[in-house]
Amino acid sequence: MDDTMTAPAQTNNPKPVLRPADPRFSCGPVKKFPGWSWEAIADAPLSRTHRGGPGLARIKEAIERTHALLGLPDGYQVAVMPGSDTGAMEAAMWSLLGQRGVDVFAWDVFGNRWATDAREELPLEDLRIFQTPAGQLPDLSEYDGKRDAVFTLNGTAAGVCIPDYDWIDADREGLTLCDATSGAFAVDIDWSKIDVLTFSWQKCMGGEAQHGMLVMGPRAIERLNSYKPDWPIPAILQLHKGEKANMAIYEGSTLNTPSLMAVEDYVAALKWATRIGGLDALIKRREANFATLDAWAKTCDWASYLCEDEAVRSPLSVAFKFTDPQVQAMDTEAQWALTKKLCSLLERENAALDVNMHRSSVPGIRIWCGPTIEADDVAALGPWLDWAYREALDAM
């Protein structure tokens, strides 16, 4: 029997015939790029030093390819950081903030983490936090260009992204620190409005989880050269060397020992992106994926977008909440049980893996539509979501 066929249905909910060729729709770590194999990392300089020779060359290549693929302006610097996106973002916050008042815009589990860092860990004295529940965007018009701003580009767990960069002053005095971990390489970025941007390899490029990337604009570098906070900064987060910016990290030096296997995997993903047409091609793939999922969403009678405002709805980590009155009448614990059952059925059928909603959000599902996903797989997914929901609800 062809592997796309299924056994006869044993319930009143017939199984779909076609399965996604690849069922990995997790919002992070995400699916590897199409055509990936172990050969992609066969030349990794394992057991070699990262301070010279092939190891350092690979790190430099990762930096240079990132700069080119993102289309960074002159003067912008890129560094490999420990601790994934969290490490990169906290290094920026610990090393840059405190000179001015800070505005934090948070609507997602990770944005909420930055708000907690600013309020409780640093803690900042002159701080304003604009915070909303998952599915809603704070009022960005509250931003004050005289202050530093910390925000997320795309809320991975909330299904919400910023609509544009018009709310950021071109002549701002403060810095903008953007967590773009699930947005970089999949959406357009107005670099004139961004002073610091961070992301991790395991999101849009499908790299292995390990390291984060830090993009620093000229204004952020100037801040490092003219200001150093008086609070203790762990060595793994320090962007200074003495009283000045540590420029060596933008040349391939790292703050701890990196995984050269993970570096090789990220470089392979960057090469793939270049081969298919660069950033424009990546964005077009994401657009096709979301359009395909959106077509299914318009026919769905049991779930709808967690973000009701289309203008700020994420086209990447697409979050759905239950809207069936039967389910809405359940308590939250029962809705999470339904989520677990639905996802278990999808995994059993190898139709979709790891599509459950983030534990800090609301019951429901999340589907990744980033550039490593294939639109044909998204099209095949929709009927399986409908089937698994009916099965799970019947079981409840």
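The coordinates are above.
Caption draft 1: Spatial organisation of the overall build of the protein. Within the protein one finds nine helices and 14 strands. Taken over the C-alpha trace, the protein has a radius of gyration of 22 Å; the compact-globule value for 396 residues is 21 Å, and the two agree within 12%. Considered along the principal axes of its C-alpha atoms, the protein spans approximately 70 × 50 × 30 Å. The buried share among the 396 residues of the protein stands at 57%. Contacts in the protein between residues at least 24 apart in sequence constitute 72% of all its contacts with a sequence separation of at least 6. For the protein, the exposed area adds up to about 16,500 Å²; of that, 48% sits on carbon and sulfur atoms. Averaging the locations of the 38 positively and 56 negatively charged side chains of the protein gives two centres separated by 4 Å.

Caption draft 2: Representation of the nonpolar core within the structure. Ranked by size, the top nonpolar core spans 91 residues in total, and within it Phe185, Phe199, Trp302, Phe320 and Leu342 carry the most contacts. Top element by residues in this core is helix H5 (residues 260–276). It accounts for 10 residues. Look past the residues within four positions of Phe320 in its chain and what remains in contact with it is Leu293, Trp296, Ala297, Ala303, Ser304, Tyr305, Leu306, Met357, Pro363, Gly364, Ile365 and Ile367. In this structure, Ala91, Trp94, Val102 and Trp114 belong to the second largest nonpolar core, which totals 34 residues.

Caption draft 3: Geometry of the state of the cysteines. A complete count under the given rule lists zero disulfides for this structure. The cysteine Cys178 is free of any disulfide, with Cys161 supplying the nearest cysteine sulfur at 11 Å. Residue Cys178 is classed as buried on the basis of its relative accessible area of 0%.

Caption draft 4: Seen up close, the packing of aromatic side chains. Counted according to the given criterion, the structure contains 17 aromatic pairs. Considering the side-chain rings of Trp201 and Tyr266, the 4.6 Å spacing of their centres and the 5 degrees angle between planes classify their relative orientation as stacked. With Trp201 in the loop between strand E8 (196–200) and strand E9 (211–216) and Tyr266 in helix H5, this residue pair connects regions lying 65 residues apart in the sequence. Both residues of the pair, Trp201 and Tyr266, belong to the buried class. Members of the aromatic cluster, each reached through a chain of ring pairs, are Phe290, Trp296, Trp302, Tyr305, Phe320, Phe322 and Tyr389.

Caption draft 5: Structural context of the packing of helix H2 (residues 84–96) against helix H3 (residues 109–121). Two numbers describe how H2 lies on H3: the axes approach to 11 Å, and their chain directions differ by 35 degrees. Judged by the sense of rotation from one axis to the other, the crossing of H2 with H3 is right-handed. Here H2 contributes Asp85, Thr86, Met89, Glu90, Met93 and Trp94 to the contact with H3, which in turn contributes Arg113, Trp114, Asp117, Ala118 and Glu121. In terms of residue class, the contact of H2 with H3 is built from five nonpolar, one polar and five charged.

Caption draft 6: Summary view of the pattern of salt bridges. Applying the stated criterion across every chain yields a total of 21 salt bridges. The salt bridge involving Glu61 is made with Lys271; its shortest N-O contact spans 4.0 Å. Residue Glu61 is found in helix H1 (residues 53–70), and its partner Lys271 is found in helix H5; the two are separated by 210 residues along the sequence. What makes Glu61 partly exposed here is its relative accessible area of 21%. Across the pair Arg390 and Asp301 runs a salt bridge, and its minimum N-O distance is 2.5 Å. A residue pair is termed long-range when its members are at least 10 positions apart, and Arg390 in helix H9 (residues 375–395) and Asp301 in the loop between helix H6 (278–297) and strand E12 (303–305) qualify at 89 residues. The partly exposed category is assigned to Arg390, whose relative accessible area is 26%. Among the charged side chains, a salt-bridge network with shared partners connects Lys15, Arg19, Arg348 and Glu349.

About the thresholds
- Residues numbered from 1 in each chain as written.
- Predicted model: local features only at pLDDT ≥ 70, side-chain atom pairs only at ≥ 80, totals over all residues.
- Heavy atoms only, no water.
- Helix = DSSP H or I, 4+ residues; strand = E, 2+ residues; numbered from the N terminus.
- Rg over C-alpha atoms; globule rule 2.2 N^0.38 Å.
- Buried < 20%, exposed > 50% of the residue type's maximum accessible area, 1.4 Å probe, protein only.
- Contact = heavy atoms within 4.5 Å.
- Areas by Shrake-Rupley, 256 points an atom, 1.4 Å probe, with all protein chains shown as cover.
- Lys, Arg positive; Asp, Glu negative; His and termini not counted.
- Charge placed at Lys NZ, Arg CZ, Asp CG, Glu CD.
- Core = buried A, V, L, I, M, F, W, Y, C linked by side-chain atoms within 4.5 Å.
- Disulfide = S-S within 2.5 Å.
- Phe/Tyr/Trp six-rings, centres within 6.5 Å; stacked < 30°, edge-to-face > 60°.
- Axes fitted to C-alpha atoms, helices over the stretch in contact; angles between N-to-C directions.
- Left-handed = near helix turned anticlockwise from the far one by under 90°.
- Nonpolar A, V, L, I, M, F, W, Y, C, P; charged D, E, K, R; others polar.
- Salt bridge = Lys/Arg side-chain N within 4 Å of Asp/Glu carboxyl O.

Functional significance is not addressed by these values, which are geometric in nature.
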